[in-house]
Amino acid sequence: MDPGNVEPGGSRPIVVRVPVEPVEAVVEADAVDAVARAGTPVVRGPLFGVAEQRAGDAPRWRVVIEVTSSCPQQARDGLNSWLWFRAKDHAQDRAERRALLAAVSRLETERVDELSVAGVRYRIVRAEESAGAGPDGVEQPRPTDPEPLVPDWDRTAKVPGIDEGLVVDPDAPVTPTQAVEQLAMRGLCYTGARFPDDVRADARRALETHPDVLLLPATFTVAERSGTGWSPVSGPHATAHEARKSLDFALTWMWPRMHGLIPPGAGPHVDARTGTSSSDRSERAGRLAAYAGAADSLRVGRVNELKLDGSVYQIVRTRRLLRSGPDGPEGPRPSDVNTQEPTRIPVGLDEDGNVLPPD
C-alpha cells in the first residue's frame, strides 16, 4: 500500500487542539519521536467490528463490538449474538423483541452489513491495521503507552476491552501529530501488482466514498521475526502488558501442549513451571525449563523482546485506520474475503424472552 499523493474530495476539516496538560504534552512529544524512529506504515490488512448509531448521535457512532476481526462474517456473527442477547435481556416489550429476533434470523442466513432495528442503526465497519517501521524494525510500545503500576499476571483478571466505550466522532478535535497522521494517510491505497484488480479498484473507490481518516486506539500484539519479516502469533490487545500476558500463556501453557511436552490429559494447572520434578533431566524437562525461563524473564520489567530457540518474539504496537464518509464509517468492500458462512444461533427465544430448547 502507498500513501500516494491523492487529494480526495469532500473531506471534513480537521479540528486541531494543542495539548496543554503536562502528561498530554509528553504523549505528543513521544508521538513525534516515534515518527522519527518508525514512521513508515507497514499495512497488514483489514479488520472488522460493529458500530451503532442512535437517534441524535450523528455524525458520531459507538463501537459495540471491537474492530479486531479478520473477516467480515466474524463481525456479522458477533452482531447476531449481540442482538440475540439484547432480545433476551433488554427488550422492553414483545414488539421490540420480535424486531430484534427478526434481525437475528436475517443474520443467520444473509451477509448483512447494515440494518436498523428498534430505532438503532448497526453497521459492520472496516479498518486497516498497520504498524510503524524504521531502521530498527517494527515499532514497539512507546514509553507513554498505558502500563499498570503493578503488573497483574492473573489470566482470569477482567480487563477493559480494546474498544470498550469507544465513540467514533469525525468532528472530535485531535492533537497536531494525530492531524498530521490523518492527512498523511488519507491517500492510503492498495497499489501493488500483487493485489488483485478488484482489491485495487475497491481501494481507489474508497478514497472518494470515504475520504476522511479516523485513528482508532493503538493495539498491541505478539509477533515473531523471520527472514521475511514479522508474523503475528497473538491477537490484538488493549495494552502492551496484556500482550505480554498472552505470550506468557503461550510459553507456559499452550506451546508445551502443542509440542507434546505436557500430556493432553494433564490438568489445567500443569504448565512449564510445574510439569517436571527437580530430578527430571530428560530432553522434555530441558525444553520445559527453557519455556519457563523465558516466561520468567517477561516478569522482570517491561520486556518487549524475547529470544527463544532461535526465534525472536516482540511486542508490536499496531495502529488501526478507519475510513469515513458523509454517511459514517466504511463498511466491508466487495473484494473483502469471507472465510466462513453465517452462523446460526442454536438456542431460540420466544416473544416473552424465554429460552427455547435447542432445535
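Residues numbered from 1 in each chain as written. Predicted model: local features only at pLDDT ≥ 70, side-chain atom pairs only at ≥ 80, totals over all residues. Heavy atoms only, no water.

Undergrad: Any details on the overall build of the chain? Residues and values, ideally.
TA: Counting its regular elements, the chain contains seven helices and eleven strands. Projected onto its principal axes, the C-alpha coordinates of the chain cover approximately 65 × 60 × 45 Å. The 359 residues of the chain split such that 44% are buried. Counting only contacts in the chain whose residues sit at least 6 apart along the sequence, the fraction spanning at least 24 positions is 72%. Total accessible area on the chain stands at roughly 18300 Å², and carbon and sulfur atoms take up 55% of it. In the chain, 43 positive and 53 negative side-chain charges are present, and the distance between their average locations comes to 2 Å. (Helix = DSSP H or I, 4+ residues; strand = E, 2+ residues; numbered from the N terminus. Buried < 20%, exposed > 50% of the residue type's maximum accessible area, 1.4 Å probe, protein only. Contact = heavy atoms within 4.5 Å. Areas by Shrake-Rupley, 256 points an atom, 1.4 Å probe, with all protein chains shown as cover. Lys, Arg positive; Asp, Glu negative; His and termini not counted. Charge placed at Lys NZ, Arg CZ, Asp CG, Glu CD.)

Undergrad: So what's going on with the side chain of Q73? Residues and values would help.
TA: Mapped onto the fold, Q73 is located in helix α2 (residues 72-89). Here the side chain of Q73 touches R111 through a polar contact of 2.9 Å, side chain to side chain. Setting aside anything within four residues of it in sequence, one finds Q73 in contact with R111, N338, Q340, E341, P342 and T343. (Polar contact = N/O pair within 3.5 Å; in protein donor to acceptor, adjacent residues only side chain to side chain.)

Undergrad: Before we move on, could you go through unusual backbone geometry and cite the residues and values that matter?
TA: The omega torsion of the bond from A58 to P59 falls at 5°, within 30 degrees of zero and hence cis. Secondary-structure assignment places P59 in the loop between β1 (40-54) and β2 (61-69). Even without being glycine, A118 reaches a positive phi, approximately 55°. Mapped onto the elements of the fold, A118 is located in the loop between β3 (114-117) and β4 (120-134). Positive phi outside glycine occurs at D309, with the angle close to 50°. Checked against the element boundaries, D309 lands in the loop between β9 (305-308) and β10 (311-325).

Undergrad: Just give me the short version of the packing of aromatic side chains, but keep the residues and values in it.
TA: Taken as a whole and judged by the stated rule, the model has four aromatic pairs. When the centroid spacing of 5.0 Å and the interplanar angle of 80° are considered together, the rings of W84 and F85 count as edge-to-face. Residue classification places W84 among the buried positions, given a relative accessible area of 8%. Ring geometry for W255 versus Y313: centroids 5.3 Å apart, planes at 40°, classification tilted. Taken together, the residues span a long stretch of sequence, with W255 in helix α6 (residues 240-258) and Y313 in strand β10 at a distance of 58 residues. (Phe/Tyr/Trp six-rings, centres within 6.5 Å; stacked < 30°, edge-to-face > 60°.)

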